Number of protein chains: 2
Amino acid sequence: MKKSIGAQPIVYPAPVFVVGTYDSEGKPNVMTAAWGGICCSAPPCVSVSLREATYTYGNILERKAFTISIPSEKYVKEADYFGIASGKHADKFAATGLTPAKSEVVDAPYVSEFPFILECQLVRSVEIGGHTQFIGEIKDVKVDEDITKDDHPLIEKIAPLIFALENMSYYGVGKYVAKAFSVGKEIEKK
Amino acid sequence: MKKSIGAQPIVYPAPVFVVGTYDSEGKPNVMTAAWGGICCSAPPCVSVSLREATYTYGNILERKAFTISIPSEKYVKEADYFGIASGKHADKFAATGLTPAKSEVVDAPYVSEFPFILECQLVRSVEIGGHTQFIGEIKDVKVDEDITKDDHPLIEKIAPLIFALENMSYYGVGKYVAKAFSVGKEIEKK
């Protein structure tokens, strides 16, 4: 039996995106956001939704660019801090000791120590309600060399985090389950 | 050292959403999509991007509604099949033996056997490129009774799938890592 738990913004899995921007004075900033995902294959685009109150909101509108750095599990403390503190008051790179790297592709910084980076040019902003959705065209993807195989990033080595809103927790990625566009074929053949 | 792997639509984690709709004759259909996520807290909204060629695309525009059913790991075969076959030619519920349930909240069906359901009213469609993004307001969330604790769904019991594009595979959710809005506080206190 199913029960109603009311209208809530919950999906499984939700990601942990660390959004990198420069402010008007060129200070690099990062914030953590879980409302987003890929939204187009061609051109490749990603969306992330932010409240107007965030420091990052103004930075994206001004610079028309942002990065998404995916933290590994071992950086959970830093990723969580990036979602607690505000760039209006804090220098989050200095506080964590992590290193801002200037993207050569878009006008935004990313977190050097994180294994997987999307470099995005703003193409659209969509006001939905309390959140505005920023759609960025992915201009390049950068990955730590030691976590790729034949140029494919390996999810097990990236070890990304999952955000679970309903119990305010982070989880890791688990075991391989099955091959996509493959395991379902036996139903099709019936 | 980081290496460039080119502009690709990859994030970690990407979800496995099973999108439920009725066609013009009232036949329930489902398709699997990985391009989406929560895009607003208030009102709670979710986005999912589809190609115009899909059967679901026309159904959503006509009915202005869809559901998202989250499959557990044990339904990986059915979820994969839902992304391979097209509702133009196949009755995917009949082929899998799964049961369409009529939402009482929006004009769309969901998969009874899947543990976690979002019932959505279409509020916006955004043409991005090869994909159109459908933004749905979440009107209600339904969860199997035996996987909640104090009305909170438990991610370990839902056992959702993760889609990894780069090696065309599904993964499960792993272990608890840390408390959100908490583990990062010690950096803030420094």
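Structure's up top.
Residues numbered from 1 in each chain as written. Chains lettered and ligands numbered in written order. Predicted model: local features only at pLDDT ≥ 70, side-chain atom pairs only at ≥ 80, totals over all residues. Heavy atoms only, no water.

(A) The arrangement of the relation of the copies chain A and chain B in detail. Aligned on chain B, chain A shows an RMSD of 0.0 Å; the corresponding rotation is 180° and the shift along the axis is 0.0 Å. Taken together, the rotation and translation relating the two chain copies correspond to the operation of a two-fold axis. Nearest to the rotation axis, the C-alpha of A:Gly174 is located 1.8 Å from it, this being the minimum over chain A. (Least-squares fit on C-alpha atoms with pLDDT ≥ 70 in both.)

(B) Local environment of the environment of B:Ala94. Within the secondary structure layout, B:Ala94 lies in helix H3 (residues 92-96). In sequence terms B:Ala94 and B:Asp107 are 13 residues apart; their C-alpha atoms lie 20 Å from each other. (Helix = DSSP H or I, 4+ residues; strand = E, 2+ residues; numbered from the N terminus.)

(C) Quick peek at the sheet that holds strand E14 (residues 162-164) of chain B. As summarised here, the arrangement of the six strands in space is E2(A)-E14(A)-E15(A)-E15(B)-E14(B)-E2(B), forming an open sheet in which the pairing is antiparallel. Strands with a single pairing partner mark the edges of an open sheet, and in this sheet they are strand E2 (14-15) of chain A together with strand E2 (14-15) of chain B. Bridge count between E14(B) and strand E15 (residues 169-179) of chain B: three bridges; the pairing is antiparallel. Its bridge partner being in E15(B), B:Phe163 is matched across the sheet by B:Tyr170. (Pairing = 2+ DSSP bridges.)

(D) Summary view of the environment of A:Lys3. Looking at the secondary structure, you find A:Lys3 in strand E1 (residues 2-4). Look at A:Lys3 and you get partly exposed, because its relative accessible area is 25%. Setting aside anything within four residues of it in sequence, one finds A:Lys3 in contact with B:Val141, B:Lys142, B:Val143, B:Glu145, B:Thr148 and B:Asp151. (Buried < 20%, exposed > 50% of the residue type's maximum accessible area, 1.4 Å probe, protein only. Contact = heavy atoms within 4.5 Å.)

(E) Local environment of unusual backbone geometry. Residues and elements named next belong to chain B. For the bond running from Tyr12 to Pro13, omega is -5°, close enough to zero to count as cis. With respect to the helices and strands, the residue Pro13 is situated in the loop between strand E1 (2-4) and E2. For the bond running from Ala42 to Pro43, omega is 0°, close enough to zero to count as cis. Positioned with a positive phi, Lys64 is a non-glycine residue whose angle comes to about 60°.

(F) Just the pattern of salt bridges, in detail. Summed over all chains, the structure comprises twelve salt bridges over all chains. Of the charged contacts in the structure, one is a salt bridge between A:Asp107 and A:Arg63, with a shortest N-O distance of 3.1 Å. One end of the pair, A:Asp107, is in the loop between strand E8 (100-102) and strand E9 (109-111); the other, A:Arg63, is in helix H1 (residues 55-63), and 44 residues separate them in sequence. A relative accessible area of 22% places A:Arg63 in the partly exposed class. Linking B:Lys142 and B:Asp140 is a salt bridge whose minimum nitrogen-to-oxygen distance equals 2.9 Å. The exposure classification of B:Lys142 matches that of B:Asp140, with both residues buried. Each of the salt bridges in this network shares a partner with another, and the network as a whole consists of A:Glu119, A:Asp140 and A:Lys142. (Salt bridge = Lys/Arg side-chain N within 4 Å of Asp/Glu carboxyl O.)

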